[in-house]
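Listed below, chain by chain, are the residues.
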Amino acid sequence: MANALYKYSPFTFLSVIVILLFRGPGKVLLYYRYCQIDDPHVICAWQRALCEKLHLTGKVRVATEGINGTVGGTNMATDAYIDATRSHPLFKMEKDDFKTSDGGAECFKDLRVGVYKEIVPMGMDPDVVSYQLAGVHLEPEEFHKEVEALLAKADENNDTILLDCRNFYESKIGQFTQCLAPSIRKFSYFPDYVDQNLDLFRDKRVLMYCTGGIRCERGSAYLRSKDVCKEVYQLKGGIHRYLEQFPEGFYRGKLFVFDERYAISSNKDIISECRYCGSPWDRYQLCSTRFCCQLVLSCLGCRQDGRTACCPACQTKGQNQSQASGPHHKEECECTEGRPRIPQDA
Ligand SMILES: [Zn+2]
Ligand SMILES: [Zn+2]
Ligand SMILES: [Zn+2]
């Protein structure tokens, strides 16, 4: 009997491990690390092999300026991923540097690991605008106090600006009370936005925030390089960390995420509305018109009535559309035409 147990238990043990690795409850990790990586291709190959072995999906960007990833998998697989990534001497990361939320491998369509010029695309050479010039980090408690102070003297002349450096569709469904939310459609438009609004920031203390902190690192470096602000601060760990400590704090609405979930929530507020009927609504879906990649806020009732496009131009296009399929390419519509663009994107 004892012999039989001895004989079979290793297999049972192994199959339990395999089941836990590839099945069961999971999560999505979000992390970044700015550091000097001399050979990003080596790190990239190692990361790809690691993710594949653990059946993770998501995106990992590697550059000479560091690493940035968001991956989904089972709890055991993501824990193993954290341990393996932390064990690399280049990164010197804490367990705490990995933000987690409910999810899993199903949150991403596939796995993409690659070498890029920047770990978050701002469109600026990392050697010209380096993360090393970033603004002062504020812990969530410190940031919370700053926002509290700002709101308390809202009517008076104050020298502080709360700046959301995410894209317009992110801040639309969730933001800090009384923030300045630029109408930019991607982060590479941020430098241009700053250039065109320098007077806004002159002699101000700027409190910046983004999803997980990564965009603020170089966004604040860019703003500081303009030499107009009194000081630039950034929320350490981003909204993600802030919400863990202040789920009912000054950030209201949903937190947009770049995966199949579209958003995660910590409070029940809905700060946006259905673009058709105006009722409170914050669940994005893609525009129903082929080749349009805009996100639409259209409530259940309006969807049932066939109102599923991002704008009248798309709605009309959708009605005239033939069923023929062709190569996928993005098309412009009223939504994209009305938004400022940078020359190289035109
Ligand atoms: Zn509606
Ligand atoms: Zn559209
Ligand atoms: Zn549109």
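What you see is a predicted model, and the numbers here were worked out from it, not measured in a lab.

Caption draft 1: Broad picture of a nonpolar patch on the surface. Nonpolar side chains collect at one region of the surface, where Val 16, Leu 20 and Met 76 lie side by side and expose about 230 Å² of accessible area between them. Within the fold, Leu 20 resides in helix H1 (residues 2–22).

Caption draft 2: Up close: the packing of helix H2 (residues 40–53) against helix H3 (residues 75–86). As a packed pair, H2 and H3 sit with axes 10 Å apart at the nearest point and diverge in direction by 160 degrees. Relative to H3, the element H2 lies roughly antiparallel. Helix-helix and strand crossings are classified by hand; for H2 and H3 the assignment is right-handed. Of H3, the residues touching H2 (which contributes Trp 46, Gln 47, Leu 50 and Cys 51) are Tyr 81, Ala 84 and Thr 85. For the contact of H2 with H3, the class distribution of residues is 5 nonpolar, 2 polar and no charged.

Caption draft 3: How the structure looks around the coordination of the zinc ion (ligand 1). For the zinc ion (ligand 1), the full set of protein donor atoms is Cys 274 (SG), Cys 277 (SG), Cys 299 (SG) and Cys 302 (SG), at a range of 2.3 Å. Because the angles between the 4 donor atoms bound to the zinc ion (ligand 1) fall within 105 to 116 degrees, the donor set is best described as tetrahedral. Within one chain, the residues serving as donors to the zinc ion (ligand 1) are arranged as C-x2-C-x21-C-x2-C. Placement of Cys 277 in the loop between strand E12 (263–265) and strand E13 (284–286) and of Cys 302 in helix H10 (residues 300–304) is noted, with a sequence separation of 25 residues between them. Of the residues examined, Cys 277 reaches a relative accessible area of 44% and is grouped as partly exposed. Using a relative accessible area of 2% as the deciding quantity, one classes Cys 302 as buried.

Caption draft 4: Quick look at the layout of surface pockets. Taken as a whole, the second largest pocket spans an internal volume of roughly 420 Å³. Counting residues per element, the lining of the second largest pocket draws most heavily on strand E1 (residues 26–34), at 3 residues. Of the residues contributing to the lining of the second largest pocket, the split by class is 4 nonpolar, 4 polar and 9 charged. Taken domain by domain, the makeup of the lining of the second largest pocket includes at least three residues from each of domain 1 (24–115) and domain 2 (131–256).

Caption draft 5: Highlighting unusual backbone geometry. A positive phi angle is found at Gln 178, which is not glycine, with a value near 60 degrees. Mapped onto the fold, Gln 178 is located in the loop between strand E8 (174–176) and helix H6 (190–196). A positive phi angle is found at Asp 227, which is not glycine, with a value near 60 degrees. Checked against the element boundaries, Asp 227 lands in the loop between helix H8 (214–225) and strand E10 (231–235). Classification of Asp 227 by relative accessible area gives exposed; the value is 69%.

Caption draft 6: Structural view of the sheet that holds strand E4 (residues 99–103). Here 5 strands make up an open sheet; going across it, the order is E4-E1-E3-E2-E5 and the pairing mixed. Every interior strand has two partners, whereas the edge strands, E4 and strand E5 (111–115), have only one. The sheet shows a mean angle of 10 degrees between the axes of neighbouring strands, direction not considered. Pairing of strand E2 (residues 57–63) with E5 involves 5 bridges; the strand directions are parallel. Considered in E5, the bridge of Val 60 is made with Val 113. On top of the sheet, H2 reaches E1, E2, strand E3 (66–74) and E5; it is set at about 170 degrees to E5, its chief contact.

Caption draft 7: Structural detail: the coordination of the zinc ion (ligand 3). Of the protein atoms, only Cys 310 (SG), Cys 311 (SG), Cys 333 (SG) and Cys 335 (SG) coordinate the zinc ion (ligand 3), at distances of 2.2 to 2.4 Å. The distance between the zinc ion (ligand 3) and the zinc ion (ligand 2) is 3.8 Å, with Cys 310 acting as a donor to both metals. Of this pair, Cys 311 sits in the loop between H10 and helix H11 (312–320) while Cys 333 sits in the loop between H11 and helix H12 (334–337); the two residues are 22 residues apart in sequence, bridging distant segments of the chain. Since its relative accessible area comes to 3%, Cys 333 is described here as buried.

Reading guide: rules and limits
Residues numbered from 1 in each chain as written. Chains lettered and ligands numbered in written order. Predicted model: local features only at pLDDT ≥ 70, side-chain atom pairs only at ≥ 80, totals over all residues. Heavy atoms only, no water. Patch = residues over 30% accessible without salt bridge, like charges linked within 9 Å, V, L, I, M, F, W, Y side chains within 5 Å. Areas by Shrake-Rupley, 256 points an atom, 1.4 Å probe, with all protein chains shown as cover. Salt bridge = Lys/Arg side-chain N within 4 Å of Asp/Glu carboxyl O. Helix = DSSP H or I, 4+ residues; strand = E, 2+ residues; numbered from the N terminus. Axes fitted to C-alpha atoms, helices over the stretch in contact; angles between N-to-C directions. Parallel < 35°, antiparallel > 145°, perpendicular 65-115°, else oblique. Left-handed = near helix turned anticlockwise from the far one by under 90°. Contact = heavy atoms within 4.5 Å. Nonpolar A, V, L, I, M, F, W, Y, C, P; charged D, E, K, R; others polar. Donors = N, O, S within 2.8 Å, 3.2 Å for Na, K, Ca; no water. Tetrahedral: all angles 85-135°; square planar, octahedral: opposite > 155°, others 65-115°. Buried < 20%, exposed > 50% of the residue type's maximum accessible area, 1.4 Å probe, protein only. 1 Å grid on protein atoms, 1.4 Å probe; cavity = no way out; pocket = protein on both sides within 12 Å on 5 of 7 lines; lining within 4 Å. Points joined across faces, edges and corners; volume = space filled by probe spheres on them. Domains from an automatic or database assignment. Pairing = 2+ DSSP bridges.

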